[in-house]
Amino acid sequence: MRELEIPSPSLVLIWGCEGSGAGAFAERLFGARALRARTFRRAVSGEADAPRWAGPFAASVLATVAERRARGASGLPLAVEFEPWEGHDPTAFSTIARRAGLPCRVLALSVPARRCRARRPDLSVEETSAQRKRFDQALGELRKRKGVSVEVLAHPDQITGWRGRPLACDRRDERGPFDLIGDVHGCYEELVLLLGQLGYTRDDAGGYQHPEGRRLVFLGDFTDRGPRNLDALRLVMRAVAGGALAVRGNHDDKLRRYLAGRKVSISHGLQVTVDELEALPEGEALPFRTAVEDFLADLPSHLVLDGGDLVAVHGGLEERLIGREGGRVDSFALYGDPSGKLDADGYPERRDWAQAYRGPAWIAYGHTPIGHAAWRHRTICIDQGCVFGGALSALRWPERTTLCVPAQSSHSPPRGSFRPLLLAPLAGAPAPDWP
Ligand code: MN
């Protein structure tokens, strides 16, 4: 007897042949909220015995309802019970989950055909074995899908219930206060200066502590283009080991893939980081590369903090994707909303998602260097392009004020039309709040 741990929110697909007890299992675990194939057959046919001819239409209505519910704001798992009937494709639900940014958990009830027949004597041998074949085939397909985890249950009665496990991005119980740091890109010196200005002191273990218990939140892109990439990375890693938080930037993701031996193009400043890695003394190189790879792989796409009031993310996030994970969430959080075209400077053009944002949570992000950090519809970009000669910026939360350290020198050729702030910024000046 055990309790299942289920990511919340998520889409839970309960997959079992007729007679496997999948429907009763779904109802026992998730009550009337579970979407059941049989209920939909009854509803579309208007007949109590849920006739077979209503199957295909019922399945498509069920998928439509599941899609709408998946987009809804409920923090609970969305449970769908589905049967391996002819023409029923359960992988459609993994697609629905991915589009909505929900992990997909499959609970497959592997009950022998003879036991299904014992419970459903009206089913023929041909029908039960055909169902079993489709059950296994679809399970194979589901296992191949990204973001899908499959658990096969031989005895559903052994499951007593479930408890929710928050997604990695859900850190709402972290109340701060926080200091969020924009794109570092190897600007180690400026980072140390900024932490000092924010009031952090270095402890013996190399971690950074604040006398008022404030916590650092790094918004990603720790390396590339700048002069001291590995030092910046070491500082961030130590800070995180000591209780700081961090999200993954697009450069961090590329570095992770590079370290994992995947083929990546060495561009946009990655070369300088690779050079530093290759210059590491033998004996130090491998453990360090492994530690970095593990560190980057564990970083969440974004963080929901302070009871849901604050979102920390690298590239930005649409309201409907906050607190979700996988697929569209990861790409949006890392890259923002590229249009697929190039801008006048030859960089990927990014749509102005913040202009359309109307959510209640405040979003701090980086990624797109701007001359001046200012609130816009409860969003603020604090990447002031330090590596391009701008400034390294911090956002204080809940104060909602910014603080920045000007670049000590220009480390990378200017980025297209980005013009760094030329005046020395005012320390602690409140960022204007443009509703
Ligand atoms: Mn960046």
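Residues numbered from 1 in each chain as written. Predicted model: local features only at pLDDT ≥ 70, side-chain atom pairs only at ≥ 80, totals over all residues. Heavy atoms only, no water.

This part takes up the overall build of the protein chain. Each helix and strand in the protein chain was counted, giving 13 helices and 23 strands. Here the C-alpha coordinates of the protein chain stretch approximately 80 × 55 × 45 Å along the principal axes. Out of the 435 residues belonging to the protein chain, those deemed buried represent 52%. Considering only residue pairs separated by 6 or more positions, the protein chain has 70% of its internal contacts joining residues 24 or more positions apart. Looking at the protein chain as shown, the accessible area adds up to about 19500 Å², and 52% of this sits on carbon and sulfur atoms. The average position of the 58 basic charges and that of the 55 acidic charges among the side chains of the protein chain differ by 6 Å. (Helix = DSSP H or I, 4+ residues; strand = E, 2+ residues; numbered from the N terminus. Buried < 20%, exposed > 50% of the residue type's maximum accessible area, 1.4 Å probe, protein only. Contact = heavy atoms within 4.5 Å. Areas by Shrake-Rupley, 256 points an atom, 1.4 Å probe, with all protein chains shown as cover. Lys, Arg positive; Asp, Glu negative; His and termini not counted. Charge placed at Lys NZ, Arg CZ, Asp CG, Glu CD.)

Enumeration according to the criterion identifies 11 aromatic pairs in this entry. Relative to Phe 295, the ring of Phe 222 has its centre 6.3 Å away and its plane inclined at 45 degrees; by these criteria the two rings are tilted. Within this pair, whereas Phe 222 is found in the loop between β12 (215-218) and α8 (229-241), its partner Phe 295 is found in helix α11 (residues 285-298), the two being separated by 73 residues in sequence. Pair check on accessibility: Phe 222 and Phe 295 agree, each one buried. Here Arg 52 stacks its cationic end above the ring of Trp 85, 4.2 Å away from the centre of that ring. The positively charged end of Arg 400 is found above the aromatic ring belonging to Trp 362, 3.8 Å away from the centroid. (Phe/Tyr/Trp six-rings, centres within 6.5 Å; stacked < 30°, edge-to-face > 60°. Lys NZ or Arg CZ within 6 Å of the ring centre and 35° of its normal.)

So, on to the sheet that holds strand β6 (residues 148-153). One open sheet accounts for five strands, arranged β3-β4-β2-β5-β6; its pairing is parallel. Here the strands that pair on one side only, and so sit at the sheet edges, are β3 (35-36) and β6. By the bridge criterion, two bridges tie β3 to strand β4 (residues 78-82) in an arrangement that is parallel. Bridged to Arg 36 within β4 is Glu 81. Contacts from helix α3 (residues 55-71) reach β3 and β4, with the element oriented near 165 degrees to β4. (Pairing = 2+ DSSP bridges. Axes fitted to C-alpha atoms, helices over the stretch in contact; angles between N-to-C directions.)

Summary statistics for the protein chain give a mean pLDDT of 90 and a share of 94% for residues scoring 70 or more. The low-confidence segment residues 423-435 (pLDDT under 50) makes 29 contacts with residues lying over four places distant or belonging to another chain. (pLDDT = per-residue confidence, 0-100.)

The next thing to look at is the coordination of the manganese ion. Looking at the metal site, the manganese ion is ligated by Asp 183 (OD), His 185 (NE2) and Asp 221 (OD), spaced 2.1 to 2.4 Å from it. Here the donor residues of the manganese ion are spaced in sequence according to D-x1-H-x35-D. Of this pair, Asp 183 sits in the loop between β9 (178-181) and α7 (188-198) while Asp 221 sits in the loop between β12 and α8, and the two are 38 residues apart along the sequence. For the pair Asp 183 and Asp 221, a shared accessibility class is recorded, and that class is buried. (Donors = N, O, S within 2.8 Å, 3.2 Å for Na, K, Ca; no water.)

Another point: the packing of α8 against α11. Packing of α8 against α11 brings their axes to within 11 Å, and their N-to-C directions diverge by 60 degrees. Between α8 and α11, the interaxial angle falls into the category oblique. Pair α8 / α11 crosses with left-handed handedness. Taking contact as the criterion, the partners of Leu 230, Leu 233, Arg 234, Val 236, Met 237 and Val 240 in α8 are, on α11, Phe 288, Ala 291, Val 292 and Phe 295. Of the residues assigned to the contact of α8 with α11, the class counts are nine nonpolar, no polar and one charged. (Parallel < 35°, antiparallel > 145°, perpendicular 65-115°, else oblique. Left-handed = near helix turned anticlockwise from the far one by under 90°. Nonpolar A, V, L, I, M, F, W, Y, C, P; charged D, E, K, R; others polar.)

With respect to the helices and strands, the residue Thr 64 is situated in helix α3. Separated by 35 residues in the primary sequence, Thr 64 and Leu 29 place their C-alpha atoms 22 Å from one another. At 2.9 Å, the side chain of Thr 64 forms a polar contact with the backbone oxygen of Ser 60. (Polar contact = N/O pair within 3.5 Å; in protein donor to acceptor, adjacent residues only side chain to side chain.)

Attention shifts here to α11. Counted at 1.5 Å a residue, the expected span for α11 with its 14 residues is 20 Å, and the 20 Å between its end C-alpha atoms agrees. Those residues of α11 not exposed but buried are Ala 285, Phe 288, Val 292, Phe 295 and Leu 296. Looking straight down α11, one finds its buried side chains confined to an arc of 105 degrees; they lie on one side. Along α11, the residues that are exposed and aim more than 90 degrees away from the buried face are Leu 286 and Asp 298. (Expected span 1.5 Å × (residues − 1). Arc of directions from axis to C-beta.)

We now examine the sheet that holds strand β14 (residues 302-305). Strand order across the open sheet formed by six strands is β8-β14-β15-β18-β20-β19, with mixed pairing between neighbours. Each having just a single partner strand, β8 (170-171) and β19 (375-376) make up the two edges of the open sheet. In this structure, β8 lies alongside β14, joined through two bridges in parallel fashion. Each residue of the ladder has a partner; that of Arg 171, found in β14, is Leu 305.

On inspection of all chains with the given rule, the structure shows 34 salt bridges. With a shortest N-O distance of 3.8 Å, Glu 86 and Arg 134 are connected by a salt bridge. One end of the pair, Glu 86, is in the loop between β4 and α4 (91-100); the other, Arg 134, is in helix α6 (residues 125-144), with 48 residues separating them in the sequence. Across the pair Glu 284 and Arg 234 runs a salt bridge, and its minimum N-O distance is 3.6 Å. (Salt bridge = Lys/Arg side-chain N within 4 Å of Asp/Glu carboxyl O.)

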